Amino acid sequence: MKFNTKTIHGGQEPDAAYGSVMPPIYQTSTFAQSTPGGHKGFEYARSGNPTRHALEKSLASIENGTYGLAFGSGLAAIDAILKLLKPGDEVISTSDLYGGTYRLFTKIFEDFGIVFHLVNMDNVEAIEDYINTNTKLIWVETPTNPMLNIIDIKGTAKIAKKHNVWFAVDNTFATPYLQQPLDLGADIVMHSATKYLGGHSDLVMGALIVKDKDLAGRLYFIQNASGAICGPQDAFLALRGIKTLHVRMQRHCENAKAVAEYLANHPKIENVYWPGFTNHPNHNIAKLQMKDFGGMVSFTTKGNNYEEAIKIVETLKIFTLAESLGGVESLAGHPASMTHASVPKEEREKLGIVDSMIRLSVGIEDEDDLLSDLKQAIGS
Ligand code: P1T
């Protein structure tokens with residue numbers, strides 16, 4: 001089955017009870033048993049719920065995995081991966097990360113004795129310098145949030161395999177429409193399903209997808225033991241969102257290209273970050289491992305003018321100033337004060353997340369309206 005069919009049918013069958021084409025929302029905490037242990041596959045809704053199960057099968061299908069797990073948020077999904085580790089274990093991660101992931105690493109798990117090496121992965125061979133016998137996990141976000149750097153998934157997978165460490169990819173920005181990390185050698189794919197998978201800014205959810213049975217069993221054990229599951233209503237909404245992922249992504253990519261090109265030619269804009277530019281430092285890897293360049297664009301104002309950036313985000317009308325991304329509607333964010341406020345200013349600036357940076361999640365509205373909105377907000 002091809003991807004555009006999998007989003008609609010992958011892992012899905014009409015419901016066994018009445019043949020409903022969409023799975024019912026099983027809004028229940030528990031399931032009747034005829035005798036202790038005598039149930040129809042579900043006993044308690046933290047351990048499993050048929051609506052969540054339908055979503056988990058869809059997730060596994062679209063990422064070319066075997067097992068899917070749905071969580072209450074993207075961070076809950078990352079939290080579950082980190083619980084595979086023990087004090088003293090080490091993680092090598094991209095330095096350029098969603099601020100909440102950085103906070104989870106440095107403010108929670110560091111206190112439990114996990115050691116994090118946050119490194120620039122432009123050259124994946126540099127990863128090997130940090131590998132030792134305690135290394136258990138390589139964590140990659142690609143494209144990164146908000147700098148839109150691209151990390152070589154295949155190259156990283158080779159290093160992970162050589163040293164026998166788990167390799168996880170946060171595929172939130174790309175989605176499986178653009179890249180399928182398990183096919184490129186990753187062990188775990190993670191999503192903030194809050195974003196493109198849900199696609200309509202109406203839920204908060206996380207997802208993990210793996211191929212390996214033993215790893216799936218360990219992650220399921222953590223999901224059930226720690227309990228950060230998603231509810232059935234949200235599972236239903238995510239399933240509905242996934243069914244249009246391919247058509248939405250196509251338009252996100254087209255509109256983002258138009259926005260990036262408009263900004264790159266604007267005299268009041270300093271830098272535009274979008275992996276589709278041939279002069280983007282990782283453009284060649286992006287071309288190799290992604291089908292298109294995604295719906296996210298970041299930029300800075302001329303002379304790193306903070307006041308000008310704030311004026312722009314306040315003046316935009318169709319782009320709503322808000323956290324998050326990946327919904328059908330366009331959003332604008334100010335990473336330094338919003339999504340990346342938990343990264344210390346000095347660290348942020350080293351990564352390029354300056355105070356005049358604006359991050360756009362380009363939606364699927366009419367391209368002309370989006371460009372007009374930017375024009376009226378930025379001026380000429
Ligand atoms: O918000 P949550 O569903 O818990 O997902 C966390 C997360 C993980 N990984 C990436 C790449 C993300 O972008 C996020 C969440 N990001 C935002 C809320 C944001 O506006 O960037």
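The structure displayed is predicted, hence computed values, not measured ones.

Right, let's get into the site of the ligand. Near the ligand there are 19 residues, and of these Asp170, Thr194, Lys195, Ser324 and Arg359 occur at the shortest range. At 2.9 Å from an oxygen atom of the ligand is found a main-chain nitrogen or oxygen belonging to leucine 75. Within the side chain of lysine 195, a nitrogen or oxygen atom sits 3.2 Å from a nitrogen atom of the ligand. If the ligand stood free it would expose 480 Å²; the protein chains cover 93% of that surface. Every element with two or more residues in the shell around the ligand is listed here: α3 (74–82) and β6 (188–192). Here the residues of the shell around the ligand are counted per class, giving six nonpolar, eight polar and five charged. Taken together, domain 1 (3–242) and domain 2 (245–378) each give at least three residues to the shell around the ligand, which thus spans both.

It is worth spelling out the environment of alanine 238 at this point. In this structure, alanine 238 sits in helix α8 (residues 232–242). When its relative accessible area of 2% is taken as the criterion, alanine 238 is described as buried. Expressed as a C-alpha distance, the spacing of alanine 238 and serine 58, which sit 180 residues apart in the sequence, is 9.8 Å. Apart from the residues within four sequence positions on either side, alanine 238 is in contact with Leu55, Leu197, Leu203 and Met205.

Turning our eyes to something else, we now look at the packing of aromatic side chains. Within this structure, the stated rule accounts for seven aromatic pairs. Between phenylalanine 105 and phenylalanine 116 the ring centres are 4.5 Å apart and the planes differ by 15°, which places this aromatic pair in the stacked class. With a gap of 11 residues between them, phenylalanine 105 in helix α4 (residues 99–108) and phenylalanine 116 in strand β3 (residues 115–119) connect regions that are remote in the sequence. Residue classification places phenylalanine 105 among the buried residues on the basis of a relative accessible area of 0%. In this structure phenylalanine 116 comes out as buried when scored by relative accessible area, which is 10%. With 5.7 Å between their ring centres and 75° between their planes, tryptophan 274 and phenylalanine 293 make a pair best called edge-to-face.

Here the focus is the domain arrangement of the chain. Each domain of the chain was delimited in the assignment, giving domain 1 (3–242) and domain 2 (245–378). Averaged C-alpha coordinates put domain 1 and domain 2 at centres separated by 26 Å. With 44 residues of domain 1 in contact, the opposing surface of domain 2 contributes 43 residues. Carbon and sulfur atoms supply 63% of the area that domain 1 and domain 2 bury against each other, a total of about 3400 Å² over both sides. Our count for the contact surface shared by domain 1 and domain 2 stands at zero salt bridges. Seen at the junction of domain 1 and domain 2, the total is 22 residue pairs in polar contact (both at pLDDT 80 or more). Secondary-structure elements contributing two or more residues to the side of domain 1 that touches domain 2 are α1 (3–9), α4, α5 (153–163), α6 (175–178) and α8. Residues that form the side of domain 1 that touches domain 2 fall into these classes: 22 nonpolar, 16 polar and six charged.

Conventions used here
Residues numbered from 1 in each chain as written. Predicted model: local features only at pLDDT ≥ 70, side-chain atom pairs only at ≥ 80, totals over all residues. Heavy atoms only, no water. Near = heavy atom within 4 Å. Polar contact = N/O pair within 3.5 Å; in protein donor to acceptor, adjacent residues only side chain to side chain. Areas by Shrake-Rupley, 256 points an atom, 1.4 Å probe, with all protein chains shown as cover. Helix = DSSP H or I, 4+ residues; strand = E, 2+ residues; numbered from the N terminus. Nonpolar A, V, L, I, M, F, W, Y, C, P; charged D, E, K, R; others polar. Domains from an automatic or database assignment. Buried < 20%, exposed > 50% of the residue type's maximum accessible area, 1.4 Å probe, protein only. Contact = heavy atoms within 4.5 Å. Phe/Tyr/Trp six-rings, centres within 6.5 Å; stacked < 30°, edge-to-face > 60°. Buried area = accessible area lost by both parts, 1.4 Å probe. Salt bridge = Lys/Arg side-chain N within 4 Å of Asp/Glu carboxyl O.

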